[in-house]
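Secondary and tertiary structure notes
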Amino acid sequence: VHQVGDRSPGKRLARQEDDLRGASEDVARGIDVQIRKARGQVNRLNKNLDCVSFGTIEGIRVKLQPVDRMEQVLRALRDGAVQGLLFREDLPIEEALDDIFRRYGGGRSGGQRLLDYREYVHLQVEIRRNTGSDWEIANPTRLSTGEAIGVGAALMMVVLTEWERDANLLRGKRAHGSLRFLFLDEANRLSHDNLGV
């Protein structure tokens, strides 16, 4: 026999909130796992880019770097410095996240971004020319039109290759060929210069 008090919406909500409450280290651990996965994906992209070269471009790579101010937030979550703030019963989670972002991330608002692992990393495309051994940021103002198109096409091909590989893991038997070339062809049509080449 269930007691009437157990079925009340207020008690059920309180029980559910208690179940959802956890440690800030668990939040940090979840973000760390997502960052590790992203690092693995970037490593796979770079392996596929390893042998790509054309014209004066000898190499292309994607670099994943931590964002310093967000590292401070992650450290506070790991160390438990925000444990009391994050799981206070009298403070809505949105306000708690904003407060953490103000204290540790240097931002005024946007605390909801603290739960998005992409805020903790910065992706950067770099190239190496055959005239030097240093990697440089693939800045569109410093690349020729052909170089910019080549770098973009190479990145698009490896991203689509990974996307297709992931999609095929979930699919039993393939009924069609690769869609990569279709997407690449359609993207190339967007540039009149590229069509001319």
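The notes below deal with the structure included here. None of the values given here were measured: they were computed from a predicted structure.

Bringing the pattern of salt bridges into the picture now. Considering all chains together, one arrives at 10 salt bridges under this definition. Between arginine 129 and glutamate 147 there is a salt bridge, and its shortest N-O distance comes to 2.8 Å. Remark: glutamate 147 occurs in helix H6 (residues 145-170) and arginine 129 occurs in strand S2 (residues 121-129); sequence separation between them is 18 residues. Judged by its relative accessible area of 17%, arginine 129 falls in the buried class. Connected through salt bridges with shared partners, the residues Asp99, Arg102 and Arg103 form a single ionic network.

With 35 residues, the main nonpolar core has Leu49, Ile60, Leu77, Leu114 and Tyr120 as its most contacted residues. Put simply, the parts of the chain that give this core at least two residues each are helix H2 (24-49), strand S1 (57-66), helix H3 (68-79), helix H4 (83-86), helix H5 (93-105), S2 and H6. Not counting residues up to four positions away in its chain, the partners in contact with leucine 114 are Ile31, Met70, Val73, Leu97, Ile100, Phe101 and Tyr120.

One open sheet accounts for 3 strands, arranged S1-S2-S3; its pairing is antiparallel. A strand with exactly one partner marks an edge of an open sheet, and here the two such strands are S1 and strand S3 (135-137). On average, adjacent strands in this sheet sit at an angle of 35° to one another, irrespective of strand direction. Sheet topology places S1 next to S2; 9 bridges connect them, and they run antiparallel. What sits directly across from glutamine 65, in S2, is histidine 122. The strands touched by H2 are S1 and S2; relative to S1, the strand with the most contacts, the crossing angle is about 175°.

Parameters and conventions
- Residues numbered from 1 in each chain as written.
- Predicted model: local features only at pLDDT ≥ 70, side-chain atom pairs only at ≥ 80, totals over all residues.
- Heavy atoms only, no water.
- Salt bridge = Lys/Arg side-chain N within 4 Å of Asp/Glu carboxyl O.
- Helix = DSSP H or I, 4+ residues; strand = E, 2+ residues; numbered from the N terminus.
- Buried < 20%, exposed > 50% of the residue type's maximum accessible area, 1.4 Å probe, protein only.
- Core = buried A, V, L, I, M, F, W, Y, C linked by side-chain atoms within 4.5 Å.
- Contact = heavy atoms within 4.5 Å.
- Pairing = 2+ DSSP bridges.
- Axes fitted to C-alpha atoms, helices over the stretch in contact; angles between N-to-C directions.

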